[in-house]
Amino acid sequence: MGKHTHKGNCQVCGRLQAVTKKGNIANHGYDVDGFRHMHVGTCQGSQKKPLQEERLYADEQIAYNNYCIDILCPRALANVSSYMPKFYRVKKGGSVFGRVMSDISNYIGMPSWKVQITELSIEDAIGYFRPTITNEDALIERERNIRKREIEDEIKYRKRYNDALQKMIDELYGTPLIPNE
Ligand SMILES: [Zn+2]
């Protein structure tokens, strides 16, 4: 493990990280409170200059979030009213009954010993949600509302993220790196 002498802030997640000999932010994971449309795994700010010295990627991040807020999310919201959900039973591991859901994007590509997915008829899906849901229209309405809320949450999330990142740029860009004790 090479010794680093300074710390700096990541341009993408904002967290304080070790700076490598090359002067870049060391590899680190990304764990901003689990939004599924955001990247997970290695933070995109790894191996880039710290925010103290460069703001290009932070600005790009903000621009991308604004694109989502202004263009992609409103477009998705406009499509919700015609969204026709399909329903699946999702069994994880050894579970007997599983859960019925419409959005299975989190499970795509998982091996079959981990998760088993079966598409359901609309009648079977209604059966699962009884007595709250008793007909197809109500079931479709339920799914559309969930989707709408998810998109609205995404807009809020990206706005919060942008505010926080902009504040960091204003406070940190052009300031010195933090020396190790
Ligand atoms: Zn980061």
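Everything that follows concerns the structure shown earlier in this document.
The rules behind each value
Residues numbered from 1 in each chain as written. Predicted model: local features only at pLDDT ≥ 70, side-chain atom pairs only at ≥ 80, totals over all residues. Axes fitted to C-alpha atoms, helices over the stretch in contact; angles between N-to-C directions. Helix = DSSP H or I, 4+ residues; strand = E, 2+ residues; numbered from the N terminus. Parallel < 35°, antiparallel > 145°, perpendicular 65-115°, else oblique. Left-handed = near helix turned anticlockwise from the far one by under 90°. Nonpolar A, V, L, I, M, F, W, Y, C, P; charged D, E, K, R; others polar. Pairing = 2+ DSSP bridges. Core = buried A, V, L, I, M, F, W, Y, C linked by C-beta atoms within 7 Å. Buried ≥ 20, exposed ≤ 12 C-beta atoms within 10 Å, placed from the backbone. Contact = placed C-beta atoms within 7 Å.

Novice: What is the right way to look at the packing of helix H1 (residues 56-80) against helix H3 (residues 136-172) in this model?
Specialist: Packing of H1 against H3 leaves a shortest axis separation of 10 Å and a crossing angle of 165°. Here H1 is positioned roughly antiparallel relative to H3, judged by the angle of their axes. At the point where H1 passes H3, the crossing takes the left-handed sense. For the contact of H1 with H3, the per-class residue count stands at 13 nonpolar, 5 polar and 6 charged.

Novice: When you look at the sheet that holds strand S7 (residues 115-120) in this model, what are you seeing that I'm missing?
Specialist: The strands making up a sheet associate through hydrogen bonds between their backbones, and the pairing can be parallel or antiparallel. Strands sit in the order S6-S5-S7 across an open sheet of 3 strands; the sheet is antiparallel. With one partner strand each, in any of the chains shown, strand S6 (99-101) and S7 form the two edges of the open sheet. Here the strands of the sheet are splayed against their neighbours by 30° on average, with no regard to which way each runs. Here 6 bridges tie strand S5 (residues 87-92) to S7, and the two strands are oriented antiparallel to one another. Across the sheet, Arg-89 pairs through a bridge with Thr-118, a residue of S7.

Novice: Even after reading the chapter, I still don't get the nonpolar core, so can you show me in this structure?
Specialist: The nonpolar side chains of soluble globular proteins are, as a tendency, buried together. Residues Cys-10, Val-12, Cys-13, Val-19, Ile-25, Cys-43, Leu-51, Ala-58, Leu-165 and Leu-172 constitute the largest nonpolar core, which totals 10 residues. Leave out the neighbours within four places in its chain, and Val-12 touches Cys-43, Gln-44, Gly-45, Tyr-57 and Gln-61.

Novice: Explanation requested: unusual backbone geometry in the structure shown.
Specialist: Across residues other than glycine, the phi torsion is negative in most instances, and most of the peptide bonds are trans. With omega at 5°, the peptide bond leading from Arg-130 into Pro-131 counts as cis. Residue position: Pro-131 is located in the loop between helix H2 (122-129) and H3. Despite not being glycine, Gln-47 shows a phi value in the positive range, around 65°.

Novice: Help me out: how do you make sense of the environment of Asp-103 in this one?
Specialist: Assignment of secondary structure puts Asp-103 in the loop between S6 and S7. Here the alpha-carbon distance between Asp-103 and Phe-87, two residues 16 residues apart in the chain, equals 7.9 Å.

Novice: Help me understand the sheet that holds strand S2 (residues 16-19), please; the structure alone is not making it clear to me.
Specialist: Here we have 3 strands laid out as an open sheet, ordered S2-S1-S8, and antiparallel in their pairing. The open sheet is flanked by S2 and strand S8 (178-179), the only strands paired with a single partner. By the bridge criterion, 2 bridges tie strand S1 (residues 6-9) to S8 in an arrangement that is antiparallel. Bridge pairing in S8 links His-6 to Pro-179.

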